[in-house]
Amino acid sequence: MKLIRPQKTCENQIMDFKEEFINNDESVIYGSESLEETENYGEWLENIQNNSDEKTLSEDDVLTDVYLGVRNQRVVGIVSVKHDIDESQEYSSHINYSVRPSCRCKGCGTKMVKQALGKAKDIGLEEIQVSIPHDNIGSIKVIEKNNAELVKSVDNSGEQVDVYQLKLE
């Protein structure tokens, strides 16, 4: 498993990745910076590239790095690392990710998050926060395998969310 930045040459693989979520009746691809809402790959790619550079970041966005999780030359997941989160929101996350449905329960999420933690450390974060819906057992296992600790549960518009923290060493 390796993390790479999305590029123009990844279009077919990323759109296939997106299609698998749609075919699995999943309306959100966490960590993708709204890939599920876009019809134009070029616009999505430009948006995530702009959001990863302070010079092109819009004032309404947060500096965010997006990576593709690639295994055997296939996109198996996507992960985003936010350089900062809104502290006023108890349920904000530094790291968000998704694993394509056909690759779940195979260790891909755990490996992607581990590498994303390294990226978070590289940009100077000392501690990260990750929020997960209380009923998302798979993601809870992934974050716990990466040594995060549950610090609280909060209500987010009627949905119970578990908030984890992890000190980066």
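Scope of this entry: the structure provided in the associated data block. (Residues numbered from 1 in each chain as written. Predicted model: local features only at pLDDT ≥ 70, side-chain atom pairs only at ≥ 80, totals over all residues. Heavy atoms only, no water.)

1. Here's the deal with helix α3 (residues 108-122)
(1) Moving on: Relative to the 21 Å expected for 15 residues at 1.5 Å per residue, α3 spans 21 Å between its end C-alpha atoms, a close match to the ideal helical length.
(2) Moving on: What α3 keeps buried is the set Cys 108, Gly 109, Met 112, Val 113, Ala 116, Leu 117 and Ala 120. Each buried residue of α3 sits inside an arc of 165 degrees when the element is viewed along its axis, so together they form one side. For α3, the exposed residues lying more than 90 degrees away from the buried face are Lys 114 and Asp 122.
(3) Moving on: Positive backbone phi, at 100 degrees, marks Gly 124, one or two positions downstream of α3. (Helix = DSSP H or I, 4+ residues; strand = E, 2+ residues; numbered from the N terminus. Expected span 1.5 Å × (residues − 1). Buried < 20%, exposed > 50% of the residue type's maximum accessible area, 1.4 Å probe, protein only. Arc of directions from axis to C-beta.)

2. Brief notes about the packing of aromatic side chains
(1) Moving on: Considering all chains together, one arrives at two aromatic pairs under this definition.
(2) Moving on: Taken together, a centroid distance of 5.0 Å and an interplanar angle of 65 degrees make the contact between Phe 17 and Phe 21 edge-to-face. Highlighted residues: Phe 17 and Phe 21, both in helix α1 (residues 11-23), separated by four residues, approximately one helical turn.
(3) Moving on: Overall, the relative accessible area of 1% leaves Phe 17 in the buried class.
(4) Moving on: Measuring from centroid to centroid gives 5.6 Å for Tyr 41 and Trp 44, while their planes differ by 40 degrees, and the two rings are tilted. Of this pair, Tyr 41 and Trp 44 both sit in helix α2 (residues 41-50), three residues apart, which is roughly one turn of that helix. (Phe/Tyr/Trp six-rings, centres within 6.5 Å; stacked < 30°, edge-to-face > 60°.)

3. A word on the packing of α3 against helix α4 (residues 137-145)
(1) Moving on: The N-to-C vectors of α3 and α4 enclose an angle of 45 degrees; their axes lie 9 Å apart at closest approach. The angle between the axes of α3 and α4 places the two elements in the oblique class. Read as a crossing pair, α3 and α4 show a hand that is right-handed. Two secondary-structure elements touch here, α3 through Gly 109, Thr 110 and Val 113 and α4 through Val 142, Ile 143 and Lys 145. (Axes fitted to C-alpha atoms, helices over the stretch in contact; angles between N-to-C directions. Parallel < 35°, antiparallel > 145°, perpendicular 65-115°, else oblique. Left-handed = near helix turned anticlockwise from the far one by under 90°. Contact = heavy atoms within 4.5 Å.)

4. Focus: the environment of Ser 32
(1) Moving on: As for its placement among the helices and strands, Ser 32 is situated in the loop between α1 and α2.
(2) Moving on: Overall, the relative accessible area of 0% leaves Ser 32 in the buried class.
(3) Moving on: Counting along the chain gives 64 residues from Ser 32 to Asn 96, while the straight-line C-alpha distance between them is 8.1 Å.
(4) Moving on: Sequence-distant contacts of Ser 32, that is, excluding residues within four places in its chain, are made with Trp 44 and Ile 78.

5. A word on the sheet that holds strand β6 (residues 149-156)
Within a sheet, adjacent strands bond to each other through the backbone by hydrogen bonds, running parallel or antiparallel.
(1) Moving on: Taking strand neighbours across the sheet as the criterion, the three strands line up as β5-β7-β6 in an open arrangement whose pairing is antiparallel. The outermost strands of the open sheet, each flanked by one partner alone, are β5 (127-133) and β6. When strand polarity is set aside, the average angle formed by the axes of neighbouring strands in this sheet is 25 degrees.
(2) Moving on: Sheet topology places β6 next to strand β7 (residues 159-167); seven bridges connect them, and they run antiparallel. Its bridge partner being in β7, Leu 150 is matched across the sheet by Tyr 164. (Pairing = 2+ DSSP bridges.)

6. Observations concerning unusual backbone geometry
(1) Moving on: For Ser 34, which is not glycine, the phi torsion reads 70 degrees and is therefore positive.
(2) Moving on: Inspection of the secondary structure assignment puts Ser 34 in the loop between α1 and α2.
(3) Moving on: The class for Ser 34 is partly exposed, based on a relative accessible area of 33%.

7. Description of the pairing of β5
(1) Moving on: Counting buried positions along β5 yields six of seven residues, so the element is predominantly enclosed.
(2) Moving on: Sheet topology note: the β5/β7 ladder contains seven bridges and is antiparallel. Residue Glu 127 lies in a different strand from β7, and its bridge partner there is Lys 167.

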